[in-house]
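Coordinate inspection notes
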Amino acid sequence: MKRSLDEHAARFDEVAADYDEDQTEEYRACAGLVVDHAAPGPDDVVLDLGTGTGAIALALAPDAGRVIGRDISEGMLDQARGKAADQDLDNVEFGEGRFRDPNLPDDADVDVVVSNFAMHHLSADEKREAIDVIAALEPRRFVLGDVMFFGEPDPDEPFYTPEVDDPSTVGVLADALTDAGFALTAVERIHDQVGVLVAERAPGANSDEER
Ligand SMILES: C[S@@+](CC[C@H](N)C(=O)[O-])C[C@H]1O[C@@H](n2cnc3c(N)ncnc32)[C@H](O)[C@@H]1O
C-alpha cells in the first residue's frame, strides 16, 4: 500500500460528496458487470468490500437477502447510508471494515463477496492477504472489478493514480485467487487496465486443504 489506511480514508472523505458524478465510462461498465456476475439469490448475504458510496451494494440489495457494505472512509459510508435511506432499502447496512478485517456481524454467513475499484489500493502481497481473508469466509462466489493490467499499461494514460495506487496484473490476481481455492470462471476485459474476474468455490471446499 503506497499510502496508509488513514491517508486513503481521508482522500476519499474529501471527494465523497462528488464521487458518483465523477466516474468514467469504464468504471460504469465495470460496475455493471460486477452487479451482473454477482447475481445473488433472495436469501443470499452479500459482502461489498471497499463499498464507497454503495454503488454495487445498493444495486444488489433488491435481489439479495442482506447486503453488508464495508469501507474505511466515513465520508463515503455516509453517502451510501443516505442513498439507502432515499431508496427505502432496509436490507443493506454500511459500516467500517477493511479488506484485512471486514468487521462482519457475528450472524453474517456470507454467500457472495464483491469488490469494485477498491483492491488496487493494496500492494500485491496485501491483495493476496485480502483474497485469503475472503476465501476464509467461504463464499460461493467472489466478483472482483478493478484496475488490473491485461498487458503493459500505457505510461501516458494510467487508469489510476501511480502515487497512491498499486494495480496488479490479471495473472497475479488469478494466481492469488486459485491459490486461495477459487476457480476462475470468467474474465471480462473492459480496457487494457480495467477488468472483472469472477471466482467460484465448490460448495464445502476448504481453502486450507486446497492450498
Ligand atoms: C474508488 S472507490 C470505489 C467505491 C465503490 N466500490 C464503487 O464501485 O464505486 C474505493 C473505495 O475503497 C475504499 N478503500 C480503500 N482501501 C480500503 C481498505 N483497505 N479496506 C476497505 N476499503 C478500502 C476507499 O475508502 C474507497 O471508498
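Residues numbered from 1 in each chain as written. Predicted model: local features only at pLDDT ≥ 70, side-chain atom pairs only at ≥ 80, totals over all residues.

**Regarding the overall build of the protein chain**
Defined as follows: We count a stretch as a helix when DSSP gives it H or I for four or more residues in a row; a strand needs E for two or more, and each element gets its number in order from the N terminus. Each residue is classified by how many other C-beta atoms fall within 10 Å of its C-beta atom, where C-beta atoms are placed from the backbone; a count of 20 or more means buried, 12 or fewer means exposed, and values in between mean partly exposed. Any two residues are considered in contact once their C-beta atoms, placed from the backbone, lie within 7 Å.
Along its length, the protein chain carries 7 helices and 8 strands. Looking at the 211 residues of the protein chain, the share that counts as buried comes to 43%. Across the protein chain, every contact between residues at least 6 apart in sequence was considered, and the portion connecting residues at least 24 apart equals 70%.

**Some words on the nonpolar core**
How we decide: By definition, a nonpolar core groups buried Ala, Val, Leu, Ile, Met, Phe, Trp, Tyr and Cys residues that are joined through C-beta atoms within 7 Å.
Ranked by internal contacts, the top residues of the largest apolar core, which has 56 residues, are Val34, Val46 and Leu60. Beyond its immediate chain neighbours, meaning those up to four positions away, Val46 contacts Ala38, Pro40, Leu60, Ala64, Val67, Asp111, Val112 and Val114.

**Regarding the site of the ligand**
What counts, and what does not: Placing a C-beta atom from the backbone of each residue, we mark the residue near a molecule or strand if the atom is within 6 Å of it. Here the nonpolar group is Ala, Val, Leu, Ile, Met, Phe, Trp, Tyr, Cys and Pro; Asp, Glu, Lys and Arg are the charged ones; every other residue, Gly included, is treated as polar.
Near the ligand there are 21 residues, and of these Gly50, Gly52, Arg98, Asn116 and Ala118 occur at the shortest range. Among the secondary structure elements, those contributing two or more residues to the shell around the ligand are α1 (5–15) and α3 (55–60). In terms of residue count, the dominant contributor to the shell around the ligand is α1 (4 residues). Residues belonging to the shell around the ligand are distributed by class as follows: 12 nonpolar, 7 polar and 2 charged.

**Let's talk about helix α6 (residues 170–179)**
Spelled out, the test is: Think of it as the arc spanned by the lines of direction from the helix axis to the C-beta atoms.
Among the residues of α6, those classed as buried are Leu173, Ala176 and Leu177. Around the axis of α6, the buried residues are gathered within 100 degrees of arc, so they sit on the same side. At its buried positions, α6 is contacted by α5 (124–136), β5 (141–149), β6 (168–169), β7 (183–191) and β8 (194–200). Looking one or two places after α6, you find Gly181, whose phi comes out positive at around 100 degrees.

**Some points on the UniProt feature "domain: Methyltransferase" (unreviewed entry) in the protein chain**
Note the threshold: UniProt positions are given in the numbering used here, feature names are shortened, and annotations may be inferred rather than shown by experiment.
UniProt records the feature "domain: Methyltransferase" (unreviewed entry) for residues 46–135 in the present numbering. Annotated as 34% helix and 22% strand, the span residues 46–135 places its first and last C-alpha atoms 14 Å apart.

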